[in-house]
Amino acid sequence: MYKPFYSQCVLHFMRFYSRYPDLTHFKSEADKTNWFSCKNALKHYSDRDKQMLMKVYAGRDTLADNVYETAIKFNTNIDDIWDMLPDFERLVAKKRGLI
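**Student:** Describe the packing of aromatic side chains, with residues and values.
**Tutor:** The full count for this structure, using the stated rule, is 8 aromatic pairs. Each ring, one from Tyr-17 and one from Trp-35, has its centre 5.1 Å from the other, and the planes form 55°; the classification is tilted. Taken together, the residues Tyr-17 in helix 1 (residues 7-19) and Trp-35 in helix 2 (residues 29-42) connect sequence positions 18 residues apart. A relative accessible area of 8% places Tyr-17 in the buried class. Of the residues examined, Trp-35 reaches a relative accessible area of 3% and is grouped as buried.

In structure tokens:
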């Protein structure tokens, strides 16, 4: 399956953001930009979708395992989460200036 070049970048950005959502001090300007890109992209989603995205990216397992666990926890269809991820990744990448 084709994945855009920015998918792994967004995965990295969101794993950091989801583990430290209240961060106020950053080690570098790049970390700060990445963090705010995620925060601003999440503003476009409902509270429930935000919680699901945070759960997916905060997990320590593979992305597929995290999506599966999130679908069970939120009692939603796994395909709905998979459909949401590419749009979210694209939005974060745009906010970050990658595309």
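**Student:** So what's going on with the nonpolar core? Residues and values would help.
**Tutor:** Met-14, Leu-53, Tyr-57 and Phe-88 are the most contacted members of the largest nonpolar core, which totals 27 residues. Every element with two or more residues in this core is listed here: helix 1, helix 2, helix 3 (47-58), helix 4 (63-73) and helix 5 (78-96). At 6 residues, helix 5 tops the list of elements feeding residues into this core. Each residue touching Tyr-57, except ones within four places of it in the same chain, is listed here: Leu-11, Met-14, Arg-15, Ser-18, Leu-63, Leu-85, Phe-88 and Glu-89.

**Student:** Outline a nonpolar patch on the surface, listing residues and values.
**Tutor:** Taken together, the side chains of Phe-5, Leu-98 and Ile-99 make up a nonpolar region of the molecular surface, amounting to roughly 280 Å² of accessible area. Relative to the assigned elements, Phe-5 resides in the segment before helix 1. Residue classification places Phe-5 among the exposed residues on the basis of a relative accessible area of 54%.

What counts, and where the lines are drawn
Residues numbered from 1 in each chain as written. Predicted model: local features only at pLDDT ≥ 70, side-chain atom pairs only at ≥ 80, totals over all residues. Heavy atoms only, no water. Phe/Tyr/Trp six-rings, centres within 6.5 Å; stacked < 30°, edge-to-face > 60°. Helix = DSSP H or I, 4+ residues; strand = E, 2+ residues; numbered from the N terminus. Buried < 20%, exposed > 50% of the residue type's maximum accessible area, 1.4 Å probe, protein only. Core = buried A, V, L, I, M, F, W, Y, C linked by side-chain atoms within 4.5 Å. Contact = heavy atoms within 4.5 Å. Patch = residues over 30% accessible without salt bridge, like charges linked within 9 Å, V, L, I, M, F, W, Y side chains within 5 Å. Areas by Shrake-Rupley, 256 points an atom, 1.4 Å probe, with all protein chains shown as cover. Salt bridge = Lys/Arg side-chain N within 4 Å of Asp/Glu carboxyl O.

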